[in-house]
Each structure stands twice: as structure tokens, then as C-alpha cells.
Amino acid sequence: MKVTVKYFGLVAEAAEKSEEVLELNGELTAMELKSQCLNSLAIADKESVQIAVNQNLDDTITLKDGDEVALLPPFAGG
Amino acid sequence: MKVTVKYFGLVAEAAEKSEEVLELNGELTAMELKSQCLNSLAIADKESVQIAVNQNLDDTITLKDGDEVALLPPFAGG
Amino acid sequence: MDKKKPKKVFVQGAIPPEKIANSVANHQSKTNIGAHSIFLGQIRADEVEGKTVTAIDYTAYEEMAENVFHEIREAAFAKFDITCAHIYHSLGKVNVGELCLFVFTSSAHRKIAIEATNFFVEEIKAKVPVFGKEIFEDETHQWKVNGRHYT
Amino acid sequence: MDKKKPKKVFVQGAIPPEKIANSVANHQSKTNIGAHSIFLGQIRADEVEGKTVTAIDYTAYEEMAENVFHEIREAAFAKFDITCAHIYHSLGKVNVGELCLFVFTSSAHRKIAIEATNFFVEEIKAKVPVFGKEIFEDETHQWKVNGRHYT
């Protein structure tokens with residue numbers, strides 16, 4: 001199955017990309033995908049990165065084909 | 001002794017004047033002067049009128065020559 | 001000290017919206033500011049016993065009022081770590097929909113600016129000898145009292 | 001319903017002070033309004049380890065952010081008896097001294113407008129996926145985190 005992963009802010013900077021489409025095999029939760037994506041990246045505080053699945057911040061969601069996933073560093077609006 | 005009395009808002013309207021100079025005989029507190037000035041006026045809530053002596057809202061002050069006294073209805077700023 | 005200088009608060013008639021833009025623009029060179037908090041009072045078309053307010057005519061015990069505004073400023077600067085504070089209040093006639101009060105505070109941090117603006121608004125309503133004649137469409141009037149409609 | 005209509009919050013670059021005057025002027029025909037409360041965020045020249053911030057470059061997960069802004073608006077209208085509410089947030093580069101956030105609420109009564117503006121500011125900072133790259137004078141940068149400097 002395919003999911004689109006979007007990278008923002010310092011995560012996009014560390015990943016040197018803003019978006020990619022991943023081909024996943026088997027069941028995977030949002031949290032597992034987050035670990036996999038952040039694993040090789042030079043990010044000091046990986047705990048502070050949140051994952052949204054179809055704009056929903058619940059990281060226990062099991063991914064399904066066509067999901068849009070976003071890796072969100074700490075918010076800095078305002 | 002002479003004191004200047006200033007009237008504002010609904011007190012000025014009821015008194016039909018904004019200022020007068022009164023010639024007072026003997027000792028008088030601010031509260032006594034207030035009663036005297038408001039006595040004959042058609043004002044529904046005389047309790048709500050404050051008196052300032054030289055811009056000071058303490059109505060127990062004893063008046064002295066040259067004081068500026070102001071009769072102030074409820075504030076409505078803002 | 002700039003912040004201690006007495007400033008004239010009263011303006012004749014309504015406060016134009018452009019005054020807000022100008023005041024904000026004047027603070028863009030102060031780069032220690034992170035937050036501005038603004039309160040504006042606007043004349044409402046209140047209905048009282050079937051008649052509608054069309055304007056408020058403001059008068060004040062001006063000398064005392066300017067001194068009280070100044071004391072409120074001093075208290076605000078003692079209480080809050082604000083960079084600047086400006087207050088403008090109308091005198092004379094202000095029509096429905098127009099602005100009669102403009103409070104503007106700035107600080108490095110948002111909570112301070114917001115709390116300072118609230119402090120100014122509450123203090124002004126409670127302590128400044130300003131009087132308001134509410135004028136109805138039929139030219140009759142009644143005297144406004146803070147706390148009666150405006151809570 | 002006007003208040004339920006999704007509105008675009010993001011603007012490119014700094015928010016000009018004139019936008020505030022225009023927004024206020026647009027509300028002078030709404031004669032049930034008695035109070036406007038405005039919050040403005042301005043870019044501070046913060047010093048970090050001897051270097052000074054000269055700008056913040058804002059990016060966002062735009063689709064999600066616009067939806068979250070909309071949810072915050074719905075929550076605010078459910079919680080507070082406000083007449084109107086407007087939010088504008090910058091995207092892209094905003095220089096020191098310029099405005100990046102404009103929150104504007106109106107109500108018949110002052111306390112409601114003031115509380116609603118506070119609610120918006122806190123909710124926006126906590127919930128909207130906006131990211132800020134603080135750019136220093138030497139072209140290096142660091143990523144801004146809410147709550148670290150801005151409390």
C-alpha cells in the first residue's frame with residue numbers, strides 16, 4: 001500500500017525533502033512509521049515531532065492505503 | 001471664604017449651570033456642601049453623586065478658602 | 001523617562017480607525033516588542049424603552065480626568081512589564097458605530113500586554129470622571145452609567 | 001451563516017498596519033458592537049547566543065492549519081457571545097518589527113471580546129501546525145518553538 005508522507009519545518013530540513021510516497025508492506029501504526037522516518041535523521045528531540053494521519057494527531061492509528069501522513073515539529077504560530 | 005463649585009453631567013443639567021463661586025460662612029465639610037448644593041435639584045439618585053475637593057474624592061474634608069469643588073455624577077467613560 | 005511623560009488622552013469627537021494603524025506603525029521600530037494588545041470601545045445602538053441611541057455626547061472634569069489617566073498609567077507601568085501604553089478617549093459627540101476609547105499596550109510577551117490592556121480598561125471605567133449623554137433618535141436623552149448596560 | 005463560513009487565514013508576508021484600520025472601519029456599520037479586542041504578534045529581535053533574529057520565515061501544513069483555524073473559530077462562537085471574529089497569520093518571511101498575527105473579535109460587551117481574543121491566541125499557539133525559522137543577521141537560523149521564548 002502507498003502512503004504520502006509530508007515533512008515540515010526542521011524535519012523537512014533534516015530529511016532534505018518535503019514530501020515522498022512510500023510503499024509499505026504489512027500493517028503499520030502511525031507511531032511505527034514515524035520512528036522509521038525519523039530514525040536516520042539528525043534531529044535532537046525526536047519526541048517533540050508529532051505525526052498526523054489525514055490531519056489527525058492520533059499516533060495509534062493503523063495506516064491504510066492512500067493515507068496522507070505529516071511529520072510535524074513543534075508548532076511556532078502566533 | 002470662597003469656593004468654586006463645578007457641576008458636571010446630569011448635575012449640571014439639573015442645576016442649569018456648570019460653575020459658580022459660593023461665599024461660605026463657618027466650617028463646612030465636603031459632604032455638607034454637597035447636600036446643600038443638591039438639596040433643591042431634581043436628581044433621582046443623589047447618593048450616586050460624588051464630590052471632589054481639589055480633585056480628591058474624600059467627602060469628609062473640611063473646606064477652606066479657594067477650594068475647587070466638583071459635583072460628579074456616575075462615571076460613564078470607556 | 002518617556003513612559004512618565006504626561007500625555008493628552010482626550011480627543012475631540014470620534015477616534016478614526018486610521019489612528020490605530022498609525023499607532024501600530026509607530027511601534028514597528030521597537031524591536032523588543034513581541035505583542036500588542038488593543039481595546040476599542042464603540043458606541044452601540046442600544047434600545048431603551050423603545051428608543052434607540054444614536055450618539056453619546058461625552059463631557060469630563062478634564063483637569064482631574066487627565067490626572068487620573070496619568071495615575072492609571074503610572075500604576076500600569078509599576079505593575080506590568082510593558083514597553084509602551086497609549087490611551088485615547090473621545091470628548092463631544094460620538095455617533096453610533098464610531099470609536100470612543102482606544103487602549104493600546106505593548107510588551108515583549110503576550111500575557112503581559114493583554115493583562116495591562118484589561119487593567120487600563122477597568123481602571124478607566126471605574127475612576128475617570130467622564131460623563132456620557134446618550135442621545136436618542138427623537139433628540140431626547142438619558143445619562144449613561146457604567147455598569148448599567150456595559151458590563 | 002456568515003460566522004460559519006470558512007475564511008482564509010494565511011496571508012503572504014507581513015500583515016500591514018492598514019489592515020487593522022480597514023478591519024475596524026468595516027465594523028462601524030455593526031451597531032450592536034460595543035467592544036473590539038485586538039491582539040497583534042510582532043517579530044522580536046531576540047538575541048540567542050550573541051546573534052540577533054532579523055526575521056522569521058513561516059511555513060505551515062496549510063490544509064490542516066486552515067481546518068484547525070476553522071475549528072477554533074467554531075469553538076469560539078460556541079463558547080463566547082461574539083459578533084465577529086477575524087484571524088490573519090503570515091506565511092513566508094516577516095522581518096523584525098513587522099506583524100505576523102492579527103486576531104480581532106467584537107462583541108456587545110467588553111469582557112466577552114477580551115476573553116474571546118485570549119482564547120484565539122492560546123488556541124492558535126497550541127494547535128495550529130505553523131513552523132517558524134528564525135533567521136539571524138549572519139544568515140544562520142534556528143527553529144522557533146512556542147513556549148520557549150514566547151510565554
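For the structure, see preceding data.
Residues numbered from 1 in each chain as written. Chains lettered and ligands numbered in written order. Predicted model: local features only at pLDDT ≥ 70, side-chain atom pairs only at ≥ 80, totals over all residues. Heavy atoms only, no water.

Novice: So what exactly am I meant to see when it comes to the overall build of chain A here?
Specialist: Check the secondary structure of chain A and you find two helices and four strands. Along its sequence from the N terminus, chain A presents helices and strands in the succession β-α-β-α-β-β. Rg of the C-alpha trace for chain A: 12 Å, near the compact-globule value of 12 Å for 78 residues, within the 12% margin. Summarising the internal contacts of chain A: among those between residues at least 6 apart in sequence, 51% fall at separations of at least 24. With an accessible surface of roughly 3,900 Å², chain A has 45% of that area assigned to carbon and sulfur atoms. (Helix = DSSP H or I, 4+ residues; strand = E, 2+ residues; numbered from the N terminus. Rg over C-alpha atoms; globule rule 2.2 N^0.38 Å. Contact = heavy atoms within 4.5 Å. Areas by Shrake-Rupley, 256 points an atom, 1.4 Å probe, with all protein chains shown as cover.)

Novice: What should I look at first to understand the interface of chain D and chain C in this one?
Specialist: Interfaces are frequently sized by the accessible area removed from exposure as the parts join. In this complex, chain D contributes 40 residues to the contact, which on the side of chain C involves 40 residues. Overall, the association of chain D and chain C removes approximately 3,400 Å² of surface from exposure, summing both partners, and the carbon and sulfur fraction of that is 54%. Counting every contact that joins chain D to chain C gives two salt bridges. Notably, a salt bridge pairs E122 of chain C with R110 of chain D, separated by 2.8 Å at the nearest N-O pair. (Buried area = accessible area lost by both parts, 1.4 Å probe. Salt bridge = Lys/Arg side-chain N within 4 Å of Asp/Glu carboxyl O.)

Novice: Which parts of the structure should I look at to understand the state of the cysteines?
Specialist: One way to say it: the disulfide is the covalent bond shared by the sulfur atoms of two cysteines. Scanning the model with the defined rule gives zero disulfides over all chains in all. Looking at C100 of chain C, it has no disulfide partner, and the nearest cysteine sulfur is the one in C84 of chain D, 17 Å off. With a relative accessible area of 2%, C100 of chain C lands in the buried category. (Disulfide = S-S within 2.5 Å. Buried < 20%, exposed > 50% of the residue type's maximum accessible area, 1.4 Å probe, protein only.)

Novice: Mind showing me how you'd approach the side chain of H86 of chain D here?
Specialist: Residues and elements named next belong to chain D. Looking at where H86 falls in the secondary structure, it is placed in strand β5 (residues 82-95). Residue classification places H86 among the buried positions, given a relative accessible area of 14%. For H86, the side chain forms a polar contact with the side chain of H27, separated by 3.2 Å. If near-sequence neighbours (up to four positions away) are discounted, H86 is found in contact with K7, H27, R73, F102, V103 and F104. (Polar contact = N/O pair within 3.5 Å; in protein donor to acceptor, adjacent residues only side chain to side chain.)

Novice: Please explain the interface of chain B and chain C as it appears in this structure.
Specialist: Taken together, the contact between chain B and chain C spans 17 residues of the former and 23 residues of the latter. The largest contributions to the chain B side of the interface with chain C come from Q55, F75 and G78 of chain B, which together make up 40% of the buried area. Counting across the chain B and chain C interface gives one salt bridge. Run the count over chain B and chain C and you get eight residue pairs in polar contact (both at pLDDT 80 or more).

Novice: I keep staring at unusual backbone geometry and nothing clicks. Help me out?
Specialist: Even without being a glycine, E139 of chain C presents a positive backbone phi close to 80°. Following the sequence through the fold, E139 of chain C ends up in the loop between β7 (130-136) and β8 (141-144).

Novice: Please explain the pattern of salt bridges as it appears in this structure.
Specialist: Pairs can form between side chains of opposite charge whenever their charged atoms are close. With the rule as written, the count across this model stands at 17 salt bridges over all chains. Ionic pairing is found between K127 of chain D and E123 of chain D, a salt bridge with its closest N-O pair at 2.8 Å. Of this pair, K127 of chain D and E123 of chain D both sit in helix α3 (residues 110-127), separated by four residues, roughly a single helical turn. Given a relative accessible area of 18%, E123 of chain D falls into the buried group. Overlapping salt bridges, with partners in common, bring together K6 and E68 of chain A together with E63 of chain D in one network.

Novice: Explanation requested: the relation of the copies chain D and chain C in the structure shown.
Specialist: The pair of chain copies shares a relation made of a rotation about an axis and a shift along it. Taken as rigid bodies, chain D and chain C are interconverted by a rotation of 180° and an axial shift of 0.0 Å, the fit giving an RMSD of 0.0 Å. Such a turn and shift between the copies fits a two-fold axis. Most of the interface of chain D is mirrored in chain C, where 100% of its interface residues again form contacts. (Least-squares fit on C-alpha atoms with pLDDT ≥ 70 in both.)

Novice: For this particular structure, what's the right way to read the sheet that holds strand β3 (residues 50-53) of chain A?
Specialist: Residues and elements named next belong to chain A. Taken together, the four strands give an open sheet; going across it, the order is β2-β1-β4-β3, and neighbouring strands pair in mixed fashion. The open sheet has two edge strands with one neighbour each: β2 (19-23) and β3. Adjacent strand axes in the sheet meet at a mean angle of 25° when their direction is disregarded. Both strand β1 (residues 2-7) and β2 contribute to a ladder of five bridges, which runs antiparallel. Considered in β2, the bridge of K2 is made with E23. (Pairing = 2+ DSSP bridges. Axes fitted to C-alpha atoms, helices over the stretch in contact; angles between N-to-C directions.)

Novice: Please clarify how the packing of helix α1 (residues 17-25) of chain C against helix α1 (residues 17-25) of chain D should be interpreted in this entry.
Specialist: A pair of packed helices can be characterised by two numbers: the angle between their axes and the separation between those axes. At a closest axis distance of 8 Å, the pairing of α1 of chain C and α1 of chain D adopts a crossing angle of 160°. Considering their axes alone, α1 of chain C and α1 of chain D lie roughly antiparallel with respect to each other. Regarding α1 of chain C and α1 of chain D, the two cross each other, and that crossing is right-handed. Seen from α1 of chain C, the contacting residues are P17, E18, I20, A21, V24 and A25 of chain C; seen from α1 of chain D, they are P17, E18, I20, A21, V24 and A25 of chain D. (Parallel < 35°, antiparallel > 145°, perpendicular 65-115°, else oblique. Left-handed = near helix turned anticlockwise from the far one by under 90°.)

Novice: Just to check I follow, could you spell out the packing of aromatic side chains for this structure?
Specialist: Counted according to the given criterion, the structure contains 16 aromatic pairs over all chains. Measuring from centroid to centroid gives 6.2 Å for F75 of chain B and F131 of chain C, while their planes differ by 65°, and the two rings are edge-to-face. Separated into two different chains, F75 of chain B in the segment after β4 (68-72) and F131 of chain C in strand β7 make up a pair that spans both. For F75 of chain B, a relative accessible area of 7% puts it in the buried group. Judged by centre distance (5.5 Å) and plane angle (65°), the ring pair of F80 of chain C and F119 of chain C falls under edge-to-face. Remark: F119 of chain C occurs in helix α3 (residues 110-127) and F80 of chain C occurs in the loop between α2 (62-79) and β5 (82-95); sequence separation between them is 39 residues. Neither F80 of chain C nor F119 of chain C differs from the other in exposure class; each is buried. Three or more aromatic residues joined by ring pairs make a cluster, and in this case those are F8 and F75 of chain A together with Y61 and F131 of chain D. It is K19 of chain C that lies over the ring of Y88 of chain C; its NZ or CZ is 4.2 Å from the centre. (Phe/Tyr/Trp six-rings, centres within 6.5 Å; stacked < 30°, edge-to-face > 60°. Lys NZ or Arg CZ within 6 Å of the ring centre and 35° of its normal.)

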